[in-house]
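# Report on the structure
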Amino acid sequence: DAKTTQPTSMDCAEGRAANLPCNHSTISGNEYVYWYRQIHSQGPQYIIHGLKNNETNEMASLIITEDRKSSTLILPHATLRDTAVYYCIVMYRDDKIIFGKGTRLHILP
Amino acid sequence: DVKVTQSSRYLVKRTGEKVFLECVQDMDHENMFWYRQDPGLGLRLIYFSYDVKMKEKGDIPEGYSVSREKKERFSLILESASTNQTSMYLCATAGGAMNTEAFFGQGTRLTVV
């Protein structure tokens, strides 16, 4: 069973920051938070992951609360190409990846 | 760039046929995975492998088997294809402790008629 809860869908205006929430209240101390996205008709694509600290890369930022029970993926300037299903996954490093239903993000022109 | 190559993008097979879906990766990754994706059900793990000749069942292994004779190749086998195995099949690979993000192939859309 997926260990995360995400909204089914979200809208965001093009050019604005997209903030995608994820709840993972049962996360254990050594489990990481990973984010992937799947653009229509393609395989999932890795975005970012973190353990405790906030992380940033060229694609996105990941904000993890201090108690680690929730996190937010931030796409700072959303474009139409960011329209996708976004998956938040809690897992141990080097473990199998179990996908939940994810959040369908619509970027509005 | 990591390449995960699935042998076919589209495949049509008859009920009862034995079907082989091949996945090859070029990054020397230890871990490989097979998923199927269906509307409303999301991505579901069929089998995974942490090393050559090692395999473990995922959430929906029934009707499938796998083979990993070489590190770079992970095959999914449908022993006797059925119409309920019509689906999108996705292969993934991940490097292990130092590089844990997964890379996915483009998928094989299998239709069993």
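See the structure printed just above.
Let me sum up the structure you'll find in this document. Worth saying up front: this structure is predicted, and the values here are computed from it rather than measured.

Attention now goes to the interface of chain A and chain B. Taken together, the contact pairs 18 residues of chain A with 22 residues of chain B. In this assembly, chain A packs against chain B so that about 1700 Å² is buried in total across both faces, 52% of it on carbon and sulfur atoms. Joining chain A to chain B, the criterion identifies zero salt bridges. Along the contact surface separating chain A from chain B lie six residue pairs in polar contact (both at pLDDT 80 or more). Counting only elements with at least two residues in the side of chain A that touches chain B, the list comes to strand 3 (32-38) and strand 4 (45-50) of chain A.

Below, the discussion takes up the side chain of glutamate 101 of chain B. Looking at the secondary structure, you find glutamate 101 of chain B in strand 10 (residues 99-104). Given a relative accessible area of 18%, glutamate 101 of chain B falls into the buried group.

As a further point, take the layout of surface pockets. Taken as a whole, the largest pocket encloses approximately 680 Å³ of empty space. As for the largest pocket, its lining consists of 30 residues, and the residues nearest its centre are Gln38, His40, Val85 and Arg104 of chain A together with Gln37 of chain B. Put simply, the parts of the chain that give the lining of the largest pocket at least two residues each are strand 8 (84-91) and strand 9 (103-108) of chain A together with strand 4 (31-38) and strand 9 (87-96) of chain B. Across the lining of the largest pocket, the residue classes tally to ten nonpolar, 15 polar and five charged. Roughly 210 Å³ of volume is contained in the second largest pocket.

Residues and elements named next belong to chain A. Throughout the structure, instances matching the rule amount to two disulfides over all chains. The disulfide bridge from cysteine 22 ends at cysteine 88, spanning 2.1 Å between sulfur atoms. Its S-S torsion of about -85 degrees marks the bond between cysteine 22 and cysteine 88 as left-handed, since a negative value means left-handed. With a gap of 66 residues between them, cysteine 22 in strand 2 (residues 18-23) and cysteine 88 in strand 8 connect regions that are remote in the sequence.

Turning our eyes to something else, we now look at the packing of aromatic side chains. Counted by the stated rule, this structure contains 14 aromatic pairs over all chains. Relative to tyrosine 36 of chain A, the ring of tyrosine 34 of chain A lies with its centre 6.5 Å away and its plane at 15 degrees, an arrangement referred to as stacked. Since its relative accessible area comes to 0%, tyrosine 34 of chain A is described here as buried. Put simply, the rings of Tyr32, Tyr34, Tyr36, Tyr46, Tyr87 and Phe99 of chain A together with Phe33, Tyr35, Phe48, Tyr50 and Phe104 of chain B pair up and form one aromatic cluster. Its end group placed over the ring of tyrosine 10 of chain B, arginine 9 of chain B keeps NZ or CZ at 5.8 Å from the ring centre.

To continue, consider the sheet that holds strand 3 of chain A. Residue and element names in this part refer to chain A. If you walk across this open sheet you meet the five strands as 1-9-8-3-4, and the pairing is mixed. For this open sheet the edge positions go to strand 1 (9-13) and strand 4, each flanked by a neighbour on one side alone. Ignoring strand direction, the axes of neighbouring strands in this sheet form an average angle of 25 degrees. Note that strand 8 and strand 9 share three bridges and pair antiparallel.

Rules used in this analysis
Residues numbered from 1 in each chain as written. Chains lettered and ligands numbered in written order. Predicted model: local features only at pLDDT ≥ 70, side-chain atom pairs only at ≥ 80, totals over all residues. Heavy atoms only, no water. Contact = heavy atoms within 4.5 Å. Buried area = accessible area lost by both parts, 1.4 Å probe. Salt bridge = Lys/Arg side-chain N within 4 Å of Asp/Glu carboxyl O. Polar contact = N/O pair within 3.5 Å; in protein donor to acceptor, adjacent residues only side chain to side chain. Helix = DSSP H or I, 4+ residues; strand = E, 2+ residues; numbered from the N terminus. Buried < 20%, exposed > 50% of the residue type's maximum accessible area, 1.4 Å probe, protein only. 1 Å grid on protein atoms, 1.4 Å probe; cavity = no way out; pocket = protein on both sides within 12 Å on 5 of 7 lines; lining within 4 Å. Points joined across faces, edges and corners; volume = space filled by probe spheres on them. Nonpolar A, V, L, I, M, F, W, Y, C, P; charged D, E, K, R; others polar. Disulfide = S-S within 2.5 Å. Phe/Tyr/Trp six-rings, centres within 6.5 Å; stacked < 30°, edge-to-face > 60°. Lys NZ or Arg CZ within 6 Å of the ring centre and 35° of its normal. Pairing = 2+ DSSP bridges. Axes fitted to C-alpha atoms, helices over the stretch in contact; angles between N-to-C directions.

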